[in-house]
Amino acid sequence: MEEYDLLIRDALIVDGSGKPPYRGSIGVKGDRIEALGDVKGEAEKVIDAEGLVASPGFIDAHSHADWTLLWYPLCESYVMQGVTTFVGGQCGGSPAPLREYIRLPWMLIDYLDELHPYLYYPPPLFPLDTVNEWMEAKFGWKIDWTTMEGYFKRVEREGISINYAPLVGHGTIRYAVMGRDYKRHSKPEEVEEMKELVAEAMEQGCIGMSTGLDYDPDVFADKSEIDECVAVLKEYGGIYSPHWRRTGRRRDIAVGARLPERIKGIAEVIDTCRKTGVPLHIAHLYGGYDVYPPPPPVLQEAVGKATLQLIDEARAEGLRVTFDVIPYYGWNPMPYLCSLHLTPWLRLLGSREALAKWLRVEDFRRDVKEALAAGKWFIRVHINPNTNPRWAENILIVKHKNEDYNGRTLAEVAELRGEDPLDTLFDLIAEDPDARGATRDYRISEEYVKLFFKHPASMVGVDVAVFDDKYQMRSPPYQMPGINNYAAYPSFISRYVREQRLLTLEEAIRKCTSLPAEVYGIRHRGLLRESYYADIVLFNLERLKVAGDLLEPRRYPEGIEYVIVNGEIVVEKGKHRGVRPGRILKRES
């Protein structure tokens, strides 16, 4: 009789390979799976998994958890939904390399209104010494690393509950080399220095590089700079993961601004893959074309097919191209109606009540409109009056003291009142400063999202940081994590397997496990297989559901019963045990 540390008995095993499920047991010794199937033996800990699905732990292919990891090392919002590994360092931003000037740590931004007051945008960079003074004052610790290796050591000292697979961000490297003088093309000697830093990060264990081509500083990089830096990855077997050009620089988008053609942004990153021979993983893919007015499902599907044609042609050419897709939920909490369009004035006036009072003042309202029309404040393009004439259709009134408005879009309320949509927004805030709202998913329709998820090269990428179930910004815009922060994977599986039957259970699980592991070179994870690491999630498929809503998204999902990371139970019967068995999954040479 074998002896195991952990024995999971009588589960429906979905092993991550895409093969049909089977019933069996799983024996775990130390951090590895020792036996699968008809397992006999004793164990220190036995889990009766009758009625539960056993799958590999979910691997988030596109994460910003490294932004908040040292604040939330228990990784509650991830592990409570079954995530055991995340791929961080996305959209061009990684924790290092750092030099004299750095981006603010994400959690420190919430205090900037008192540390360095500003109206529209703060400076993009601050001296590292200044940042550390603020870090010490607000959090009691400092940034004591300047390299990825140094950051890894800091994380390992702290301990984390799940695994972290690191990319290095080209934007972070560009800031390190160019400092505050980044709003231009780089010089040849600067590109050489960037390439050295890419190589250094890969030597220290990164698995690839990301870019953020809509964001400072990468938006100012020409393609040759990106191509040269990506080419460095080939020697190390690395991968290129770009946030491709979709909106253009998210500043100064005034009335009449022309946005980039998204399909060209997809073609651009595919060409980098072609020229460098480095595998390409496209971040949060969505439709490459706009159709106006908002089209019926048949046209949305056509947009999806035309976008995927580029991917299919590249793959037929022999290029290694994959992509991730954010699970579709429909609406996302703002959370307040005043949160997004009026953030600068909310910050200036100090409270929602003060903003409501001033919105009744005619010349103040006129000045706000003029500033918005001039593009002084960036608003996501699908809810931006400057870029979308039907923007008000994409805002939902969730809770207003006039209950007749609840559940209606802003456009519908404006029509009821016979007013301009922007004036209606201002009036609703003036009447109820605590009114709550939500924005429609920026993809507008689910039709091509489903088409993308059916594609063999697609997987799940959630595009979130990690939090607990209490976090909310203390200052404007008072943002809180959304539904996907806490329940992206339960939402994806329940929606597309149980409800819509778009995917089989084994297809859906593969897109959450072995496919991201394979693409990112994460070895011995993503499958339930003997000798593989014991990253396992046990869930009740029939009970799997999103528990949060548009008023309170910060709820952990139902149906996730156990989560095991490196052989250790982190979540037991839906409760976090407070343990930190996670590891940094460095590139293996």
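Here the structure is a predicted model, which is why all the values come from computation and not from measurement.

A.B. asks: Help me out: how do you make sense of the nonpolar core in this one?
C.D. replies: The tendency in soluble globular proteins is for nonpolar side chains to be buried as a group. Counting residues in each nonpolar core, the largest one holds 121 residues, and the members touching the most others are Tyr240, Ile282 and Phe539. Ranked by residues supplied to this core, first place goes to helix α16 (residues 483-499) with seven residues. Sequence-distant contacts of Tyr240, that is, excluding residues within four places in its chain, are made with Met209, Thr211, Leu213, Ile226, Val230, Leu233, Val269, Thr272, Val278, Pro279, Leu280 and His281. Within the second largest apolar cluster, 32 residues are counted, among which are Trp345, Ala371, Ile383 and Leu422.

A.B. asks: Is there a simple way to explain the pattern of salt bridges in this structure?
C.D. replies: Pairs may arise between side chains of opposite charge once their charged atoms sit close together. Per the counting criterion, the structure on display carries 46 salt bridges. Taking the shortest distance from any N to any O, the salt bridge between Asp216 and Arg249 comes out at 2.7 Å. Here the residue Asp216 occupies a position in the loop between β12 (208-212) and α7 (223-231), and Arg249 occupies one in the loop between β13 (239-243) and α8 (262-276), the gap between them amounting to 33 residues. Residue class for Asp216 comes out buried when judged on its relative accessible area of 17%. A relative accessible area of 25% means that Arg249 is categorised as partly exposed. Put simply, Arg365, Lys369, Arg417, Glu419, Asp423, Asp427 and Glu431 are held in one network by salt bridges that share partners.

A.B. asks: Quick question: what am I supposed to make of the environment of Ile8 here?
C.D. replies: On the secondary structure map, Ile8 appears in strand β1 (residues 2-13). On a C-alpha basis, the gap between Ile8 and Ala54 in space is 8.7 Å, while along the polypeptide they are 46 residues apart. Residue contacts for Ile8: discarding those within four places in its chain leaves Gly24, Ser25, Ile26, Ile47, Ala49, Ile536, Leu538 and Ile564.

A.B. asks: Is there a simple way to explain α7 in this structure?
C.D. replies: Count 3.6 residues to each turn of an α-helix, and residues three or four apart come out pointing the same way. For α7, the set of buried residues is Glu225, Ile226, Asp227, Cys229 and Val230. Looking at the buried side of α7, the elements it contacts are α5 (170-178), α6 (188-203), β12, β13 and α8.

A.B. asks: Teacher, can you tell me more about helix α17 (residues 505-512) here?
C.D. replies: The buried fraction of α17 amounts to six of the eight residues, a majority that puts the element mostly inside the structure. Buried within α17 we find Leu505, Glu506, Ala508, Ile509, Lys511 and Cys512.

A.B. asks: Teacher, can you tell me more about the sheet that holds strand β18 (residues 436-440) here?
C.D. replies: The strands that make up a sheet are held in pairs by hydrogen bonds between backbone atoms, and each pair lies either parallel or antiparallel. What the three strands build is an open sheet, ordered β16-β18-β17; its pairing is antiparallel. In the strand order of this sheet, the two ends are held by β16 (331-336) and β17 (395-399), each with one partner. Put simply, the sheet's adjacent strands are angled 30° from each other on average, direction ignored. Strand direction decides the pairing type here: β17 and β18, joined by four bridges, are antiparallel.

A.B. asks: Looking at this structure, how should I read the sheet that holds strand β6 (residues 58-60)?
C.D. replies: With parallel pairing, three strands are arranged side by side in an open sheet as β6-β7-β10. Pairing within the sheet leaves two strands with one partner each, and these edge strands are β6 and β10 (163-166). Each neighbouring strand pair of the sheet contributes to a mean axis angle of 20°, computed without reference to strand direction. Where strand β7 (residues 83-88) lies against β10, four bridges are found, and the strand directions are parallel. Residue pairing for β10: Phe86 is matched across the bridge by Tyr164.

A.B. asks: Honestly, the pairing of β7 in this entry has me stumped. Any pointers?
C.D. replies: For a regular strand, side-chain orientation follows a simple rule: the groups alternate between the two sheet faces. Here β7 lies mainly inside the structure; six of its six residues are buried. By the bridge criterion, three bridges tie β6 to β7 in an arrangement that is parallel. Looking at β7, one finds that Phe58 is bridged to Val83.

A.B. asks: Quick question: what am I supposed to make of the packing of aromatic side chains here?
C.D. replies: The description of an aromatic ring pair uses the distance of the two centres, along with the angle that the planes make with each other. Under the counting rule described, the total for this entry stands at 30 aromatic pairs. With a centroid separation of 5.9 Å and 65° between ring planes, the pair formed by Tyr182 and Phe220 is classed as edge-to-face. Separated by 38 residues along the polypeptide, Tyr182 in the loop between α5 and α6 and Phe220 in the loop between β12 and α7 bring together distant segments of the chain. Residue classification places Tyr182 among the buried positions, given a relative accessible area of 2%. Aromatic rings pair up to connect Tyr78, Phe86, Trp145, Tyr151, Phe152 and Tyr164 into one cluster. Taking NZ or CZ as reference, Arg246 lies 5.7 Å from the ring centre of Trp244, over its face. Across from the ring centre of Tyr442, 5.5 Å away, lies the NZ or CZ of Arg443, which sits over that ring.

Definitions and limits used
Residues numbered from 1 in each chain as written. Predicted model: local features only at pLDDT ≥ 70, side-chain atom pairs only at ≥ 80, totals over all residues. Heavy atoms only, no water. Core = buried A, V, L, I, M, F, W, Y, C linked by side-chain atoms within 4.5 Å. Buried < 20%, exposed > 50% of the residue type's maximum accessible area, 1.4 Å probe, protein only. Helix = DSSP H or I, 4+ residues; strand = E, 2+ residues; numbered from the N terminus. Contact = heavy atoms within 4.5 Å. Salt bridge = Lys/Arg side-chain N within 4 Å of Asp/Glu carboxyl O. Pairing = 2+ DSSP bridges. Axes fitted to C-alpha atoms, helices over the stretch in contact; angles between N-to-C directions. Phe/Tyr/Trp six-rings, centres within 6.5 Å; stacked < 30°, edge-to-face > 60°. Lys NZ or Arg CZ within 6 Å of the ring centre and 35° of its normal.

Purely spatial values, then, with no claim about function.
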